[in-house]
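# Analysis of the macromolecular model
Okay, here's what each chain looks like letter by letter:
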Amino acid sequence: MRKIQMVDLQSQYAFIRPQVEAGMKEVLSSAQFINGPAVKSFQANLENYLGVKHVIPCANGTDALQVAMMGLGLKPGDEVITADFTFAATVEVIALLGLTPILVDVDPTSFNIDPDAIEKAITPNTKAIVPVHLFGQVAAMDRIMAIAKKNNLYVIEDNAQGIGATHTTATGEKIKSGAIGHVASTSFFPSKNLGCYGDGGAIFTNDDKLAHTLRGVVNHGMYERYHHDVVGVNSRLDSLQAVVLNEKLKLLDFYNERRKWAAMRYTQAFSSHAKIITPTVVGDCDSHVFHQYTLRVIDTDRDALVKYLQDQGIPCGVYYPIPLHLQKAYTSDQYKEEDFAVTNRLIKEVISLPMHSELEEEQIKTICEHVLAFMN
Ligand SMILES: *Cc1c(COP(=O)(O)O)cnc(C)c1O
């Protein structure tokens, strides 16, 4: 049996090595490292895959979020509502731009932002909602889009963990995550479902005017060479990363199917255990691409379980151990603990098991045996 890892990028690389190396050699000999043909073809391939009009590649997923907010023209004092239970990048860029982050609680079933909590948090200063498709599951987008429409708000999807998931609307229409809101961001960090071999990210939108603005923002606010119309940033995806992404995009659906298969195996092993809550897929089976497989353990010393697994050589993770509203950088006197009851509970109960497209039956069995040995 191969060594069990949280993600196994070496085994994944072994399958695509000839294509990736040939593509990289081409970039090296052409020396078109920035904005080369590989970047342009990746952009077009991703637009086609997502069914979205515009993909704007950039340097990482955090930049993608920041640029999306800059492109929408959000101004200091504007309030942006996002989830308390997520990775800090989401709230970081809101604060960095001088906007006011408003953190709200999540739903205990999906781990995603709670639409009722969003509605409660709306004020006359609210300008945008940032749902995060946490752990790969599409947030409650029908309700979120309806709330946004009613209150005239932008929706910025943080799709860093959800790429490849499909949302089915109430009317049965199928839309890829990241193509639902006004604009979306994603990350190609190596461990993401679609990851490159360094940093990378992208912004998506169906809005032609916004896409034009975003292309300028990522390029020093420049729409005509050496004319800087707005304050921008320098955020580019390089050609070598685009080579990797072009190869991996062809396999993204296969990778996500492998993740779903591993998730199903885990759930079969744990679903009858009284103290383990397995992840719930709220929508259709294609609405969750299992960036993480996250259990909740009830009446259990979660940290002792983490230590036990680590001692047995089974890697695991706690995403996330501290709610954002209690982080020194993002805490506020305005927050009341009772408004974060779900997050405050989840941070003590969650544990994420190894999840990637190369997991083997035998590895999953071993992981399950160790988890159950501790829990029983
Ligand atoms: C990974 C991630 C990001 C940031 O992406 P980077 O490419 O590392 O900057 C943002 N939001 C979420 C939810 C993420 O998981």
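Residues numbered from 1 in each chain as written. Predicted model: local features only at pLDDT ≥ 70, side-chain atom pairs only at ≥ 80, totals over all residues. Heavy atoms only, no water.

## Some points on the sheet that holds strand 3 (residues 100–104)
Pairing is mixed across the open sheet formed by 7 strands, whose spatial order is 1-9-8-5-4-2-3. The strands lining the two open edges of the sheet, one partner per strand, are strand 1 (54–58) and strand 3. For this sheet the average axis-to-axis angle between neighbouring strands, irrespective of direction, equals 25°. Across the sheet, helix 6 (residues 141–151) lies against strand 4 (126–130) and strand 5 (154–158), angled at about 150° from strand 5, the strand it touches most. Together, strand 1, strand 8 (183–187) and strand 9 (201–205) form the strand contacts of helix 7 (residues 208–217), whose direction differs from that of strand 1 by roughly 15°. (Pairing = 2+ DSSP bridges. Helix = DSSP H or I, 4+ residues; strand = E, 2+ residues; numbered from the N terminus. Axes fitted to C-alpha atoms, helices over the stretch in contact; angles between N-to-C directions. Contact = heavy atoms within 4.5 Å.)

## Side note on the domain arrangement of the chain
Domain annotation for the chain reports domain 1 (9–104 + 112–250) and domain 2 (252–375). Summarising the inter-unit geometry, the C-alpha centres of domain 1 and domain 2 are found 24 Å apart. Domain 1 puts 39 residues into the contact, and the matching count from domain 2 is 33 residues. For the domain 1 and domain 2 pair, buried surface summed over both sides reaches about 2900 Å², with 55% attributable to carbon and sulfur atoms. Summed over the three residues of domain 1 that lose the most area to domain 2, namely Phe85, Phe135 and Asn193, the buried surface amounts to 26% of that side. (Domains from an automatic or database assignment. Buried area = accessible area lost by both parts, 1.4 Å probe.)

## Concerning the nonpolar core
Among the nonpolar cores identified, the biggest contains 79 residues, and Leu46, Phe85, Phe188 and Tyr266 are the most heavily contacted of them. For this core, the element with the most residues is helix 2 (residues 37–50), which contributes 6 residues. Each of domain 1 (9–104 + 112–250) and domain 2 (252–375) accounts for three or more of the residues forming this core. When sequence neighbours within four positions are dropped, the list of residues in contact with Leu46 reads Val55, Ile163, Phe188, Phe204 and Leu249. (Core = buried A, V, L, I, M, F, W, Y, C linked by side-chain atoms within 4.5 Å. Buried < 20%, exposed > 50% of the residue type's maximum accessible area, 1.4 Å probe, protein only.)

## Description of the pattern of salt bridges
With the rule as written, the count across this model stands at 18 salt bridges. In this structure, Lys260 engages Glu257 in a salt bridge whose closest nitrogen and oxygen atoms are separated by 3.1 Å. Within this pair, Lys260 and its partner Glu257 are both found in helix 9 (residues 252–270), separated by 3 residues, close to a single helical turn. For Lys260, a relative accessible area of 16% gives the class buried. We note a salt bridge from Asp311 to Lys307, for which the minimum N-O separation is 2.9 Å. Of this pair, Asp311 and Lys307 both sit in helix 10 (residues 302–311), 4 residues apart, roughly one helical turn. With a relative accessible area of 54%, Asp311 lands in the exposed category. One salt-bridge network, held together by shared partners, links Arg2, Asp8 and Glu360. (Salt bridge = Lys/Arg side-chain N within 4 Å of Asp/Glu carboxyl O.)

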